[in-house]
Amino acid sequence: MIPLKRRKISHTESHQNESCKFPHVPIFILERKMGASRRSFLTRLARSKGFLIKEAYSSAVTHVVSENNSGDEVQSWLENQTGVDTSTSVHLLDVSWFTESMAAGRPVTVQDKHRLKVNPKCNGDDNVILMKSYACQRRTPLKHHNLFLTEALELLAENAEFSENEGRSVAFRRAASVLKALPHRVHSMDELKSLPCLGEHSQRVIKEILEDGTSREVESTRQSEQFQAMKALTGIFGVGVRTADRWFRKGLRSPTDLIRMGQPLNRAQQAGVQYYDDLQKPVTKAEADVISDIVQQAVCAVLPGAEIQLMGGFRRGKEFGHDVDFLITHPEEGKEEGLMAKIIKWLEERGLLLYQKTTRNSYLEKMDGPARPPNNMDRFERCFSIFKLQISDRSTGSHAERSVSQSETLSWRAVRIDLVVSPYCQFAFATLGWTGSKLFERELRRWAGQEKHMSLSSHALYDNNQKHYLRAQTEEEIFAYLGLEFIPPSERNA
Ligand code: UTP
Ligand code: MN
């Protein structure tokens, strides 16, 4: 276990530095209505148990504890202190959370019963829904109530990506994401009045669908030759938007066109075309589990003690995916070096890889530093590969086929898999970064930069004010550093 680097603690609290066991949960106890003597009693009690108690309220505080105050009272007290809306970034808690934590000897998970109720700011409208504006501040379940709208907005987002219009694409994705977080199906434009991230264009599309059942823009995009060709071409493993666009301009429309016209392809693209049909078929959770077991076996065989975790959509609870993502590490720092090559060799010797390309780990903290713009691309050692998954005909073939092949002959399908190896000290960041969804990740980085003056990547979190890295061993600690409520993977489906 690597000792957790502790947060810089102000001078008034430095005496508790040694005994502080929970530096990632800075607590502020509100004196209002409690009185100074009870507050100092609670402070001493908590510190004796290793809790970090802040004398003054600051943006570092993640948990505010008070007694006999309403949520609104605490909120307005804090706003007077800081001048900002704090409701988004701290837990406002009843003293019951504190006493339970004292009894447990650790900060217990915040539950609804602990939270002080804060009434929405009165603006004369009773049925407004309070929706936080960053997707990483919200819970977004996998199954939601507005697929008929989000599917349309996401198609427009995809189309914007095909023309490399990132701003437009993100705007549509954010709008869709807000609708995914709604607790009910949208029936009228009125219900959307108080929601963030719904731009004029998205609203126009939503209005049309609510009134007419479909949007002409969405349907004409869906039918357009360019959209369909770009979807088919970017659907080929190894083909990005730029390449697809170039091919489209040359008159190519599909993988078969590439073969027919003798289009030169690189090694990845050749594999992409060769296994196109298989790779278009969604990967089921059951298939992901079978592959997990095999990769786990490989990892254990080549480096006992190494750990492997299923990432991406499957970690968020999806039942289908376009690929299977794995994150691998070893608790002993440095042991993970050279691991990828050994795993690949183990799999290749057993004929389990149809294609693989490994990129080296190119991340160096002191070289890359925090100054780099928060970038989606991480630099772990990574293997993009196509896995040969054995399947018995019985479970997959049609009825006719099944009766023909009585003897359970083996066939196989191709599945895209991504293997990523992370050093142990970056594992929490890599876990957070590889869980997704892509929009959730993007919003986390935006929140970190814009609201907290921090830089978040899949490798590290850097505090640009304090000019130091914030170490973490769990995702929970990273959310706490960012002043965000912890959102479990199953609710990161933004
Ligand atoms: P995926 O593209 O695999 O998406 O990226 P997904 O959520 O698992 O969905 P499907 O079912 O496969 O389509 C998984 C996560 O890995 C991160 C992405 O941000 C996403 O959150 N990722 C992916 C990276 O950090 N870097 C990459 O180069 C690729
Ligand atoms: Mn995935």
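These numbers come from a predicted model, not from an experiment.

## A look at the site of ligand 1
As a structural note, the neighbourhood of ligand 1 is formed by 18 residues, with Gly 313, His 322, Asp 323, Arg 382 and Gly 436 the closest of them. At a separation of 2.7 Å, an oxygen atom of ligand 1 approaches a polar backbone atom of Gly 313. For ligand 1, whose accessible area on its own is 580 Å², the fraction buried by protein is 87%. Counting residues per element, the ones that place at least two in the shell around ligand 1 are helix H14 (312–315), helix H19 (427–435) and helix H20 (438–452). Per element, the largest residue contribution to the shell around ligand 1 is three residues, and it comes from H19. Residue composition of the shell around ligand 1, by class: two nonpolar, eight polar and eight charged.

## Describing the coordination of the manganese ion (ligand 2)
Each donor-metal-donor angle would ideally measure 109.5 degrees in four-coordinate tetrahedral geometry, or 90 or 180 degrees in six-coordinate octahedral geometry. Around the manganese ion (ligand 2), the protein contributes the donor atoms Asp 323 (OD) and Asp 325 (OD), at 2.1 to 2.2 Å from the metal centre. A relative accessible area of 8% places Asp 323 in the buried class. Residue Asp 325 is classed as buried on the basis of its relative accessible area, which comes to 8%.

## What about the packing of aromatic side chains?
Summed over all chains, the structure comprises ten aromatic pairs. Taking the centre distance of 6.2 Å and the plane angle of 70° together, the rings of Tyr 275 and Trp 412 count as edge-to-face. In this pair, Tyr 275 is assigned in the loop between helix H11 (267–274) and helix H12 (276–280) and Trp 412 in strand E11 (residues 410–421), connecting sequence segments 137 residues apart. Taking the relative accessible area as the measure of exposure, Tyr 275 reaches 12% and is therefore buried. Measuring from ring centre to ring centre gives 4.9 Å for Tyr 462 and Tyr 469, while their planes differ by 70°; the resulting arrangement is edge-to-face. Within the aromatic cluster, the residues linked to one another by ring pairs are Phe 28, Tyr 57 and Trp 77.

## Remarks on unusual backbone geometry
Residue Ser 437 is reached from Gly 436 by a cis peptide bond, and omega for that bond is -10°. By the secondary structure assignment, Ser 437 is in the loop between H19 and H20. With a phi angle near 65°, Lys 33 is a residue other than glycine that sits in the positive phi range. Here Lys 33 is to be found in the loop between strand E1 (22–29) and helix H1 (36–48). At Cys 197, a residue that is not glycine, the phi angle is positive and equals roughly 65°. Position of Cys 197 among the secondary structure elements: in the loop between helix H5 (166–180) and helix H6 (200–212). Given a relative accessible area of 27%, Cys 197 falls into the partly exposed group.

## With respect to the sheet that holds strand E2 (residues 51–54)
Backbone hydrogen bonds hold the strands of a sheet together, and the pairing may be parallel or antiparallel. The strand order across the open sheet formed by four strands is E2-E1-E3-E4, and the pairing between neighbours is parallel. On the outer flanks of this sheet lie E2 and strand E4 (91–94), each paired with one strand and no other. Geometrically, the sheet is characterised by an average inter-axis angle of 35° between neighbouring strands, direction not taken into account. Sheet analysis places strand E3 (residues 63–66) next to E4, joined by four bridges and oriented parallel. Across the sheet, the residue bridging to His 63 is His 91, located in E4. Contacting E1 and E2, H1 runs over the sheet at an angle of about 150° to E2. Contacting E1, E2, E3 and E4, helix H3 (residues 95–104) runs over the sheet at an angle of about 80° to E4.

## Regarding the pattern of salt bridges
In the structure shown here, the tally under the stated rule is 35 salt bridges. Where Arg 442 meets Glu 166, a salt bridge forms, and the shortest distance between an N and an O atom there is 3.0 Å. Linking Arg 442 in helix H20 with Glu 166 in helix H5, this pair joins segments that are 276 residues apart in sequence. The exposure class assigned to Glu 166 is partly exposed, which follows from its relative accessible area of 49%. Between Arg 382 and Asp 418 there is a salt bridge; the shortest N-O distance is 2.9 Å. In this pair, Arg 382 sits in strand E10 (residues 381–392) while Asp 418 sits in strand E11, placing the two residues 36 residues apart along the sequence. Look at Arg 382 and you get buried, because its relative accessible area is 15%. When salt bridges with common partners are traced through the structure, they connect Asp 112, Arg 115, Arg 139, Glu 485 and Glu 491 into a single cluster.

## Observations regarding the sheet that holds strand E9 (residues 353–359)
Strand order in the open sheet formed by five strands is E6-E8-E11-E10-E9, and the pairing between neighbours is mixed. Since the sheet does not close on itself, it has two edges, and those belong to strand E6 (307–310) and E9, each with one partner. Neighbour-to-neighbour, the strand axes of the sheet open up by a mean angle of 25°, direction not taken into account. Sheet topology places strand E8 (residues 324–329) next to E11; five bridges connect them, and they run parallel. Within the sheet, the bridge partner assigned to Phe 326 lies in E11 and is Leu 419. H19 contacts E6, E8, E10 and E11 of the sheet and is inclined by roughly 175° relative to E8.

## Focus on the environment of Ser 202
Note that Ser 202 resides in helix H6. A residue is classified by how much of its surface remains accessible, and Ser 202, at 4% relative accessible area, is buried. Ser 202 sits 46 residues away from Leu 156 along the chain, and the two C-alpha atoms are 9.4 Å apart. Ignoring anything within four residues of it in the chain, the contact list for Ser 202 reads Leu 153, Ala 171, Phe 172 and Ala 175.

Reading the values: rules and limits
In every chain, residue numbers begin from 1 and rise along the written sequence. By the order in which they are written, chains take letters starting at A while ligands take numbers starting at 1. Only residues with pLDDT of 70 or above have their local features reported here, since the model is predicted, and side-chain atom pairs are shown and tallied only from 80 upward, although totals for entire chains, interfaces and linings are computed over all residues. As a convention, hydrogens and water are excluded, and side-chain values are obtained from all of the structure's heavy atoms. We call a residue near a molecule or strand whenever a single non-hydrogen atom of that residue lies within 4 Å of it. Under the rule applied, a polar contact is a pair of N or O atoms within 3.5 Å (in protein, one hydrogen donor and one hydrogen acceptor; residues adjacent in sequence only if both atoms are side-chain atoms). Using a 1.4 Å probe, accessible areas were evaluated by the Shrake-Rupley method; residue-level cover was limited to the displayed protein chains. A run of H or I in DSSP counts as a helix once it spans at least four residues, and a run of E counts as a strand once it spans at least two, with each numbered from the N terminus. Asp, Glu, Lys and Arg are counted as charged, while Ala, Val, Leu, Ile, Met, Phe, Trp, Tyr, Cys and Pro are counted as nonpolar; the rest, among them Gly, fall into the polar class. Sites may look incomplete, because water is not among the atoms used; the donor set itself consists of N, O and S atoms within 2.8 Å of the metal (3.2 Å for Na, K and Ca). Any residue under 20% of the maximum accessible area for its type is buried, any over 50% is exposed, and the rest in between are partly exposed; the area is computed with a 1.4 Å probe on protein chains only. Geometry of aromatic contacts follows a simple scheme: Phe, Tyr and Trp rings, the Trp one being its six-membered ring, pair when their centres are within 6.5 Å, and the pair is stacked under 30 degrees between planes, edge-to-face over 60, tilted otherwise. When DSSP finds at least two bridges between two strands, those strands are taken to pair. Between the N-to-C directions of two axes lies an angle of 0 to 180 degrees, each axis being a line fitted to C-alpha atoms and, for a helix, fitted only over the stretch in contact. Two residues form a contact once any of their heavy atoms are found within 4.5 Å. What counts as a salt bridge is simple: a side-chain nitrogen of Lys or Arg found within 4 Å of a carboxyl oxygen of Asp or Glu.

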